[in-house]
Amino acid sequence: MIHTVKPGETLAQISRDYRTPLPAIIQANPMINPNVIYPGQSIVIPGLPDPNTIPFQIDVSLSSRSLSLLKDGVLQKQYPIAVGRILHGTPVGSFIIINKAPNPGGPFGTMWMSLSKQHYGIHGTNDPSSIGKAVSRGCIRMYNHDVEELAAIVPIGTLVTIHP
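Cut-offs used in this document
- Numbers given to residues run from 1 along each chain, matching the order in which its sequence is written.
- Only residues with pLDDT of at least 70 are given local features in this predicted model, and only at 80 or more are side-chain atom pairs given and counted; all residues enter the totals for whole chains, interfaces and linings.
- To get the side-chain values, take all heavy atoms of the structure and skip hydrogens and water.
- Stacked, tilted and edge-to-face pairs are distinguished by plane angle, under 30 degrees for stacked and over 60 for edge-to-face with tilted covering the rest, among Phe, Tyr and Trp rings (Trp via its six-membered ring) whose centres lie within 6.5 Å.
- Under the scheme applied here, a residue whose accessible area is under 20% of the maximum for its type counts as buried, over 50% as exposed, and between as partly exposed, the area being computed with a 1.4 Å probe on protein chains only.
- Labels follow the DSSP assignment, with helices taken as runs of H or I lasting at least four residues and strands as runs of E lasting at least two, numbered in each case from the N terminus.
- The arc in question is the one spanned by the directions pointing from the helix axis to the C-beta atoms.
- We call two residues in contact when some of their heavy atoms are within 4.5 Å.
- Whenever a nitrogen or oxygen atom comes within 3.5 Å of another N or O atom, the pair is scored as a polar contact, on the condition that within protein one atom can donate a hydrogen and the other can accept it, and that pairs from neighbouring residues in sequence are kept only if both atoms are in side chains.

Attention shifts here to the packing of aromatic side chains. A complete count under the given rule lists one aromatic pair for this structure. For the pair Phe108 and Trp112, a centre-to-centre distance of 5.3 Å together with 75 degrees between the ring planes defines the contact as edge-to-face. Owing to a relative accessible area of 31%, Phe108 belongs among the partly exposed residues under this scheme.

Now the structure itself:
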């Protein structure tokens with residue numbers, strides 16, 4: 001998988017975002033200087049598939065509070081979601097699903113899918129009345145049955161695009 005460096009990112013933060021040890025990233029990128037990275041630079045993230053090889057994509061609209069599942073660019077299904085509240089907004093941009101954890105416990109419902117941004121994910125909820133609202137700490141909340149269905153369809157490496 002190739003990550004394109006964004007302004008302000010460090011290699012240490014990229015390592016945390018992808019939950020990939022820094023030495024593994026440095027080893028996978030022998031031509032880069034780990035102390036000097038720049039926006040637009042391509043960094044190989046070892047162990048993750050190229051999102052371009054996956055037929056599925058997830059499109060999240062914060063304003064309509066909906067998550068769309070696409071296959072080869074064609075809408076397959078749309079789900080209602082909850083998003084981040086004021087001061088804890090859901091991040092905008094392109095990310096990938098880097099892991100899945102069934103039954104994470106607590107407020108995360110019956111499934112957690114980590115995004116390639118530390119502390120953020122798509123997950124279920126123990127408060128179904130929150131769906132459709134801006135109430136989370138930045139994560140994308142779904143009904144448990146919806147997130148379980150989605151997690152069964154999309155593989156690790158699936159592109160997730162979040163926009164206003």
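Bringing helix α3 (residues 144–153) into the picture now. Taken together, the buried positions of α3 are occupied by Asp146, Val147, Leu150 and Ala151. Looking down the long axis of α3, one finds its buried residues gathered within 130 degrees of arc, a one-sided arrangement. Away from its buried face, by an angle of more than 90 degrees, α3 presents the exposed residues His145 and Ala152. Check the buried side of α3 and you find it contacts β3 (56–61), β4 (66–71), β5 (74–80), β7 (93–102), β8 (111–115) and β9 (121–123).

This part takes up the side chain of Ser68. When you line up the elements, Ser68 lands in strand β4. Within the structure, the side chain of Ser68 is placed 3.1 Å from the side chain of Gln78, a separation counted as a polar contact. Among all residues touching Ser68, those that are not within four sequence positions of it are Gln57, Ile58, Asp59, Leu75, Lys77 and Gln78.

Let's shift gears to unusual backbone geometry. Although it is not a glycine, Leu87 adopts a positive phi angle of roughly 75 degrees. In this fold, Leu87 is placed in the loop between β6 (83–84) and β7. In this structure, Asn103 is a non-glycine residue whose phi angle is positive, near 50 degrees. Inspection of the secondary structure assignment puts Asn103 in the loop between β7 and β8.

Function cannot be read off these values alone, since they describe shape.
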